[in-house]
Every structure is written in structure tokens, then in C-alpha cells.
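Notes for the structure review
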Amino acid sequence: MSRRERLVRTQWEFMRANQDHMQSKTPTTKSDQAGMLSYWKAFFAMPHFPQCCPFLVLGIEVMIRSAQEDEASFRKIFPKSFADNSHSFIRTFVNSLGPIDKAVMNLGDYTVLPITSHTPKRSACGDLHACEGVNWNSAKQRGDHDIGVEGQYLPEPADGQDQIMGRVLAMMPFGWPDWMMLPPHFPANIEVPTRDLIPAFEKFPVQCHSLFPFLIASVVYHTEWLEANVPCDNPLFSIPLLSS
């Protein structure tokens, strides 16, 4: 759970792999110039739902980038043009919803839909609150809310809570037989040729290199899905992994 203005400023330098997920943090914010409240947030794979899987989309992003591109463009995940206009993009999406979409969302007769850049975070809080396996203080901590009567921020959620909350928010029903599903990954004895598969490898900050084997594994795992759902003339199929 993250605020839009923080998510759109995500930097590759502050991303890393950690056990069964990847982590990211915003080093400083307007209200926290010293970074005292900055901590690592978790992102989980959705191998059962590739349309929304952050591992897959980032895998495509790193593998499609050209080594000829300006090095400054490898600092942030989202280009400045997207970050500056992300709120208007949300409004454009909302305004494009038709009567059937509104009916499914049970929005009644709203002419201006009550959806904002903060809506996904509120929805996530609701989903976590409804899950019996989630410690509510951990959920509030991941939502950047004060904890307890003294209004203190916890440095980390309770042990194992990231794994539970991550799976709930990845739309895995609590208690689902595949609940412990891991992100696509290579066996430990396999050396992944990341430099050969990522043409712009040297342009990315070294701090995020630990992510690359997971991201490549996700693209490999979803190759058939990509071939069935992405137009064959998409630049995606020119990357070394899929062009041979």
C-alpha cells in the first residue's frame, strides 16, 4: 500500500530482492526530508494473474531497454512525464468506464465517480482488515499510519505478516491450496546470464541487480501467455530471450 506520489517516484537504486518478494522504498519525501520514516515496502509476484504481475512487467521493462538510451533515464522506473500526469491518467481511466462497468462496481447514479489516486490504498486496507490472518497493526504500518496511542511507526511488520498481506493483496484467497506459491525462479545451482539477456545491464544501478534473475524467470514462466496475448509485432519479441 503506497501513496501515488511516492509510487510514481520509485527509483531503481532503492529496489532489491528479498526472499520471496522484492522490496522498494522512497528515501525521502516532502514531509520527511531526512528519511527518518523511510522503510522497505514489499511487492509480491502474481504468477496466477500475469495481467497484474509486477515481476512480469518489470521483467519486460528491464529486458526491452536499449544500452543506447541515456543513462539518466535508468534512474526511475516511471518517466517524469508519467509521474507529473499520473492523476490525470487515473481520471481519464475513470471517465472511460461505461454503464456496464459502473453497474458491476455498484456505483449507482454517480455522474462523477468517487475514485481517486487514494482509492486503491483504501481498498487494500479493507481487504486486509477482512482477513483473519492479518495483524491489523502490521496492516496500518504498511499503510503509513501511526501505530498505537503514542503514534509510533513500526520499523517492520510482525514476523511473517508481509508474506500474508502480500498474498492477500495479490488476490490469493486466504487458505487457497496454492497459498504458498512462490514467484517464478531458477534453481539455486543455475547461473542466469543476466548480462546477455538484459542489453542495458550496465546502465541499471547495481543495487537492483539482485532482482534481475527473478524478473527474467517471470518472463520465461509467462512466455506462452505473452505469445498468446501480445501482438507478434510488439518490440517485446525482439529481446534476446524471445528472439532466438
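Residues numbered from 1 in each chain as written. Predicted model: local features only at pLDDT ≥ 70, side-chain atom pairs only at ≥ 80, totals over all residues. Heavy atoms only, no water.

1. Concerning helix α7 (residues 161-169)
Where burial is concerned, most of α7 is hidden: 8 out of the 9 residues are buried. Taken together, the buried positions of α7 are Gln161, Asp162, Gln163, Ile164, Met165, Gly166, Arg167 and Val168. Backbone geometry just after α7 places Met171 at a positive phi near 65°. (Buried < 20%, exposed > 50% of the residue type's maximum accessible area, 1.4 Å probe, protein only. Helix = DSSP H or I, 4+ residues; strand = E, 2+ residues; numbered from the N terminus.)

2. Comments concerning the nonpolar core
Counting 32 residues, the largest nonpolar core has Trp12, Val62, Met63, Ile198, Phe204, Leu211 and Phe212 as the members making the most contacts within it. Those elements giving two or more residues to this core turn out to be α2 (54-64) and α9 (212-221). Among the elements that make up this core, the one with the highest residue count is α2 (5 residues). If sequence neighbours within four positions are ignored, Phe212 has contacts with Val62, Thr194, Ile198, Phe201 and Phe204. Formed by 9 residues, the second largest nonpolar core is a distinct cluster that contains Leu128, Ala139, Met165 and Val168. (Core = buried A, V, L, I, M, F, W, Y, C linked by side-chain atoms within 4.5 Å. Contact = heavy atoms within 4.5 Å.)

3. Focus on the packing of aromatic side chains
Across all of its chains, the model carries 5 aromatic pairs by this definition. Seen from their ring centres, Phe55 and Phe214 are 6.4 Å apart, and the 85° between their planes marks the pair as edge-to-face. On the criterion of sequence distance, the pair formed by Phe55 in helix α2 and Phe214 in helix α9 is long-range, its members being 159 residues apart. On the accessibility criterion, Phe55 (1% relative accessible area) is buried. (Phe/Tyr/Trp six-rings, centres within 6.5 Å; stacked < 30°, edge-to-face > 60°.)

4. Re the confidence of the model for the protein
The predicted model of the protein averages 81 in pLDDT, with 78% of residues at 70 or higher. For the protein, helix α3 (residues 80-95) is the element with the lowest average pLDDT, namely 68, and α9 is the one with the highest, namely 95. (pLDDT = per-residue confidence, 0-100.)

5. What about the pattern of salt bridges?
If charged atoms from side chains of opposite charge come close, those side chains can pair. Enumeration over the complete set of coordinates arrives at 4 salt bridges. Among the salt bridges present, the one from Asp20 reaches Arg167, with a minimum N-O distance of 3.2 Å. Placement of Asp20 in the loop between β1 (15-18) and β2 (21-24) and of Arg167 in helix α7 is noted, with a sequence separation of 147 residues between them. Neither residue differs from the other here; Asp20 and Arg167 are each classed as buried. Close ionic contact of Glu69 with Arg65 constitutes a salt bridge, the shortest N to O distance being 2.8 Å. The network of salt bridges with common partners includes Glu61, Arg65 and Glu69. (Salt bridge = Lys/Arg side-chain N within 4 Å of Asp/Glu carboxyl O.)

6. Comments concerning unusual backbone geometry
Located in the positive-phi region is Gln19, a residue other than glycine, with phi close to 55°. Positionally, Gln19 belongs in the loop between β1 and β2. The exposure class assigned to Gln19 is exposed, which follows from its relative accessible area of 63%.

7. Some words on the pairing of β2
Burial of the side chains of β2 extends over both faces: His21 and Gln23 are buried on one face and Met22 and Ser24 on the other. What sits between β1 and β2 in their antiparallel hairpin is a turn of 2 residues, with Gln19 showing a positive phi close to 55°. Relative to strand β3 (residues 41-43), β2 runs antiparallel, the two being bridged by 3 bridges. In the sheet register, Met22 faces β3, and the bridge partner there is Phe43. (Pairing = 2+ DSSP bridges.)

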